[in-house]
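# A look at the structure
One letter stands for each residue in the lines below.
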Amino acid sequence: ALNVMGRSREAADLLLAALARGAVDRVGREELAGWLIAALRSSEALGVVDGLLLETPDALNWHLQRVRVLSGLGRVEEARAALTAAAQRFGSQAGMAGVHALAQCGSLATAAQLHPEAVDLLTRAVKGAEANPRGGHADLAGWRANLAVSLMALNRVDEAVDAAAASLVGLQARRGTS
C-alpha cells in the first residue's frame, strides 16, 4: 500500500526489515529488488538480486539486473563478467530466443556504458533478426538505436550514423510511412 501512495522508499525499508526476519516470499523479494534498483540503492539491491538468482537461475531478467546493480556500484569489471556470462548462457538459445537475449544484454550494456560489449551483442542480435524474417523485426529499430549510441560513444561516427539511419528507416517501415 505504501508503494501505491508513492512511498516506495518506506515500503522498501519495511520489506528489507521483513526480509531480515525471513518473512518475505519470492514475489515480495522481486518487488523489493525492483524498488531498490529504481531508487538506485544498489548495495541493498545486490543481495536481494543474488538471492533471486539462486532461486531462479534460468531467469535472464535477474542476470541483467545483477549487471545493472554492479554497474551502479561502479564494479565495472564484475558487471562486464556478469554480462558476458549472461550473453553466453542465454544468447546461445536456438532461434529468436537467443537473438532476443543478445539484444537484451546489448541494450543493457549500452545503458551501463559497456559500449564495446554493446556493439558486439547488438550487432549479433541485428544480424540474427535479419536472418530470420519471421521474427524480431519489430524490435530492430530500438536495437539499432542502442547500437548507434554505443558506436558513437566509441567514436565510430560513420557506423553510428549508419545504425541510426537504419533505425529510422525501420521505424518508418513499421509505421507505413516514407
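## Concerning the pattern of salt bridges
A side chain of one charge can pair with a side chain of the opposite charge when the charged atoms of the two come close. What the rule picks out here adds up to 12 salt bridges. In this structure, Glu117 engages Arg80 in a salt bridge whose closest nitrogen and oxygen atoms are separated by 2.4 Å. One end of the pair, Glu117, is in helix H7 (residues 115–131); the other, Arg80, is in helix H5 (residues 76–91), and 37 residues separate them in sequence. The network of salt bridges with common partners includes Asp13, Arg41 and Glu44.

## Brief notes about the nonpolar core
Counting 52 residues, the largest nonpolar core has Leu60, Leu83, Cys105 and Trp143 as its most contacted members. For this core, the leading source of residues is helix H6 (residues 95–111), giving eight residues. Contacts of Leu60, omitting those with residues within four sequence positions, involve Ala86, Phe90, Ala101, Gln104 and Cys105.

## Observations concerning a nonpolar patch on the surface
On the surface, Met152, Val157 and Val161 cluster together into a nonpolar patch covering about 230 Å² of accessible area. Structurally, Met152 can be placed in helix H8 (residues 137–153). Taking the relative accessible area as the measure of exposure, Met152 reaches 43% and is therefore partly exposed.

## Quick look at the packing of helix H2 (residues 26–38) against helix H3 (residues 42–55)
In the contact formed by H2 and H3, the axes pass within 9 Å of each other and the chain directions differ by 145°. Of the two elements, H2 crosses H3, and the hand of that crossing is left-handed. Contacts between H2 and H3 pair Arg26, Arg29, Glu30, Leu32, Ala33, Leu36 and Ile37 from the former with Glu44, Ala45, Val48, Val49, Leu52 and Glu55 from the latter.

## A word on the packing of H6 against H7
Helix packing geometry: the angle between the two helix axes and the distance between the axes. Relative orientation of the contacting elements H6 and H7 amounts to 150°, with a least axis distance of 8 Å. When the interaxial angle is binned, H6 and H7 end up roughly antiparallel. The interaxial crossing formed by H6 with H7 has left-handed handedness. Only His115, Glu117, Ala118, Leu121, Leu122, Arg124, Ala125, Gly128 and Ala129 of H7 make contact with H6, whose side of the interface consists of Met96, Val99, Leu102, Ala103, Cys105, Gly106, Ser107, Ala109 and Thr110. Tallied by class, the residues present in the contact of H6 with H7 amount to 11 nonpolar, five polar and two charged.

## Some words on helix H4 (residues 60–72)
Given a rise of 1.5 Å per residue, 13 residues ought to cover 18 Å, and the 18 Å separating the end C-alpha atoms of H4 matches this to within 8%. Where H4 is concerned, the buried positions are Leu60, Trp62, His63, Leu64, Gln65, Val67, Val69 and Leu70. Downstream of H4 by one or two residues, Gly74 has phi in the positive range, about 80°.

## Side note on the confidence of the model for the protein
The predicted model of the protein has a mean per-residue pLDDT of 87, with 88% of residues at 70 or higher. Helix H9 (residues 157–175) is the least confidently modelled element of the protein, averaging 77 in pLDDT, while H5 averages 97, the highest of any element.

## Let's talk about unusual backbone geometry
Glycine aside, a negative phi is what most residues show, and trans is what most peptide bonds show. The phi dihedral of Leu40 is positive, around 60°, even though this residue is not glycine. Along the chain, the position of Leu40 falls in the loop between H2 and H3. We note that Asn155 has phi near 60°; this positive angle belongs to a residue other than glycine. Looking at the secondary structure, you find Asn155 in the loop between H8 and H9. Since its relative accessible area comes to 61%, Asn155 is described here as exposed.

Rules used throughout
Residues numbered from 1 in each chain as written. Predicted model: local features only at pLDDT ≥ 70, side-chain atom pairs only at ≥ 80, totals over all residues. Heavy atoms only, no water. Salt bridge = Lys/Arg side-chain N within 4 Å of Asp/Glu carboxyl O. Helix = DSSP H or I, 4+ residues; strand = E, 2+ residues; numbered from the N terminus. Core = buried A, V, L, I, M, F, W, Y, C linked by side-chain atoms within 4.5 Å. Buried < 20%, exposed > 50% of the residue type's maximum accessible area, 1.4 Å probe, protein only. Contact = heavy atoms within 4.5 Å. Patch = residues over 30% accessible without salt bridge, like charges linked within 9 Å, V, L, I, M, F, W, Y side chains within 5 Å. Areas by Shrake-Rupley, 256 points an atom, 1.4 Å probe, with all protein chains shown as cover. Axes fitted to C-alpha atoms, helices over the stretch in contact; angles between N-to-C directions. Left-handed = near helix turned anticlockwise from the far one by under 90°. Parallel < 35°, antiparallel > 145°, perpendicular 65-115°, else oblique. Nonpolar A, V, L, I, M, F, W, Y, C, P; charged D, E, K, R; others polar. Expected span 1.5 Å × (residues − 1). pLDDT = per-residue confidence, 0-100.

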